[in-house]
Amino acid sequence: PDIDPKLYDLTVISMRNHMVFTPLLSSTCVGTLEPQAVAVHITDIQPALFKPQNHVLISEALSVCSKTKQVEAVSDGIHFKVPYDKLVISTGSQGSTFGIPGVLEHTNFLRDLHQAEAIRSKLVDNISKAGIPGRPAKEKQTLLDIVIVGGGPTGVEVAGELTDFIEQDLKRMYPDRAKAMRVTIIEAKEILGTFDYSLREYAAQKMSKRGVRLHRGIVQKVEAGKLTLQDGEEFTFGLCIWSTGVGPTTFISSLPFAKTGAGRLVVDSHLRVLAPIELDVGVTHIPREKKEEEKFSILAEEKATEQPLEIVPHMYAIGDCCANPSHPLPALAQVAEQQGRYLAASLNYERYDPKEMPRKKLTPPGEFVYKSLGNMANLGGYAGILQLSRGRPGVGPLSFSGLVSWLAWRSAYLTRLGSIRKRMLVAFNWTLTLIFGRDMSRW
């Protein structure tokens, strides 16, 4: 269920007016999909935001005061405060550097459309530069080297999209540069660690066969065009994509409420934000050095402070920005979606009056329980892996691989898009790519 706009007036504070469908974001890096295909306008998600009593404020949230029940925000240099009766914090997360020198300066993150477009532009630019007559062979090879740090679903899917681009488009246009281009994944542990062993092995063999180099190691530092591991091994690159680990946003780090060891807000089983009892929760924010913020990662242990905690009245959190230390959940879209539906049902029930709404039969929701729908990843080359939960404790998941999993991956995400218009646009982009290839225009 969605929040009932007849029960609540809605105000959204956000830096952007759209939601990015992140599972398909890697496809925009090489032109398989155009950026507008994976951006869903917020009013397509909640049409009631068109009504005059509801508001979308394109601005940056700065702080929260739970005593006065206000959020301070800024837009275009104008500071203002927004009162609330119920506050839901869902700011997500940002890429974590783990405090490694040079990551911010020399790598590309993949969290939103601007970053995806930056990757696409740099990829096309490097391919063009590599074709300049007289360029030294070593410099040419560096331009054509792509390093992906992080062997999770995002890193693997980017590698799959890149190998499809090389085999299906670049080889036809510039066969010499396609032959020289190298894609490397660097992972500290196992690639696709959330999948079972058989699927990990299948993915590793499939990618290695398609020319992707898989390397286990921990990055020590990143310099311009060069990455160094802790064991001293070096990798040159013209493009480095950083897709390992996420951490709290600056806004979350600045809030005075209880945090886990990974820097996420502590919530209880009803997604209510918690704070230390002795803390004056009316404090708006605690300034934090950016260096300290960068040390956080959701890969850290999700332990809460040992101080006694209390519920912050009328304040909730969902998604990557929060965690219940008793039952920490992965930073996945399906977790945030299920939390959003649960919280909407809870808030609707709070305002439910059987005398005023006799036809509606709402039941009080219990504690939030996450139900895993499974995991899937696109490996490129019309192959994928799919792991489905059986929903019973002690029973292993169902595993699939190959063309069937790839078709399931595409079908599942196509149906999850927020509007029919976007579904048609994605299907149209896929068809154009299949018939005419990817667009390598540079702008």
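Residues numbered from 1 in each chain as written. Predicted model: local features only at pLDDT ≥ 70, side-chain atom pairs only at ≥ 80, totals over all residues. Heavy atoms only, no water.

Peer 1: Summarise a nonpolar patch on the surface; cite the residues concerned and give the values.
Peer 2: Together, Tyr382, Leu403, Leu407, Phe428, Leu432, Leu434, Ile435 and Phe436 give the surface a local cluster of nonpolar side chains, amounting to about 860 Å² of exposed area. Contributions of two or more residues to the nonpolar patch are made by helix 12 (403-416) and helix 13 (420-436). Tallying contributions element by element places helix 13 first for the nonpolar patch, with five residues. The exposure class of Leu403 is partly exposed, given its relative accessible area of 49%. (Patch = residues over 30% accessible without salt bridge, like charges linked within 9 Å, V, L, I, M, F, W, Y side chains within 5 Å. Areas by Shrake-Rupley, 256 points an atom, 1.4 Å probe, with all protein chains shown as cover. Salt bridge = Lys/Arg side-chain N within 4 Å of Asp/Glu carboxyl O. Helix = DSSP H or I, 4+ residues; strand = E, 2+ residues; numbered from the N terminus. Buried < 20%, exposed > 50% of the residue type's maximum accessible area, 1.4 Å probe, protein only.)

Peer 1: Before we move on, can you summarise unusual backbone geometry with the specific residues and values?
Peer 2: If a residue is not glycine, its phi is most likely negative; likewise, a peptide bond is most likely trans. One non-glycine residue with positive phi stands out, namely Phe98, at about 60 degrees. Structurally, the position occupied by Phe98 is in the loop between strand 9 (94-95) and helix 3 (103-106). A positive phi angle is found at Leu271, which is not glycine, with a value near 65 degrees. Within the fold, Leu271 resides in the loop between strand 19 (265-266) and strand 20 (272-276). A relative accessible area of 2% places Leu271 in the buried class.

Peer 1: Report on the pairing of strand 15 (residues 226-229), specifying residues and quantitative values.
Peer 2: Two faces belong to every sheet, and in a regular strand the side chains alternate between them. Across four bridges, the pairing between strand 14 (residues 219-223) and strand 15 is antiparallel. The partner of Glu223 across the bridge, within strand 15, is Lys226. Between the end of strand 14 and the start of strand 15, which pair antiparallel, lie two residues, with Gly225 showing a positive phi angle near 75 degrees. Sheet topology places strand 15 next to strand 16 (residues 234-236); three bridges connect them, and they run antiparallel. The residue of strand 16 that forms the bridge with Lys226 is Thr236. Turn length for the strand 15-strand 16 hairpin, with the two strands adjacent in sequence and antiparallel, is four residues, and the turn residue Gly232 shows positive phi of about 95 degrees. (Pairing = 2+ DSSP bridges.)

Peer 1: Provide a residue-level description of the sheet that holds strand 6 (residues 70-75), including the pertinent values.
Peer 2: The strand order 5-6-7 describes an open sheet built from three strands, whose pairing is antiparallel. The open sheet has two edge strands, strand 5 (60-65) and strand 7 (78-83), and neither has a second partner. Taking the axes of each pair of neighbouring strands and ignoring which way they run, one obtains an average angle of 25 degrees across the sheet. Of the pairings in the sheet, the one linking strand 5 to strand 6 comprises five bridges and is antiparallel in character. Note that in strand 6 the partner of Cys65 across the bridge is Gln70. (Axes fitted to C-alpha atoms, helices over the stretch in contact; angles between N-to-C directions.)

Peer 1: Outline helix 6 (residues 153-173), supporting the account with residue identities and numerical values.
Peer 2: Between its first and last C-alpha atoms helix 6 spans 29 Å; for 21 residues at 1.5 Å apiece the expected length is 30 Å, and the two agree. Along helix 6, the largest kink reaches about 40 degrees and is centred on Ile166. (Expected span 1.5 Å × (residues − 1). Bend = angle between axes of the 7 residues up to and from the residue.)

Peer 1: Which residues make up the pattern of salt bridges, and what values go with them?
Peer 2: Tallied over the entire structure, the rule returns 16 salt bridges. Between Lys129 and Asp125 there is a salt bridge, and its shortest N-O distance comes to 3.5 Å. Of this pair, Lys129 and Asp125 both sit in helix 4 (residues 113-129), four residues apart, which is roughly one turn of that helix. Exposure remark for Lys129: the relative accessible area of 36% places this residue in the partly exposed category. Exposure remark for Asp125: the relative accessible area of 17% places this residue in the buried category. Between Asp145 and Arg182 there is a salt bridge, with its nearest N and O atoms 2.7 Å apart. Note that Asp145 is positioned in strand 11 (residues 145-149) and Arg182 in strand 12 (residues 182-187), a separation of 37 residues in sequence. Judged by its relative accessible area of 31%, Arg182 is partly exposed. Among the charged side chains, a network of salt bridges with common partners joins Asp164, Glu167 and Arg210.

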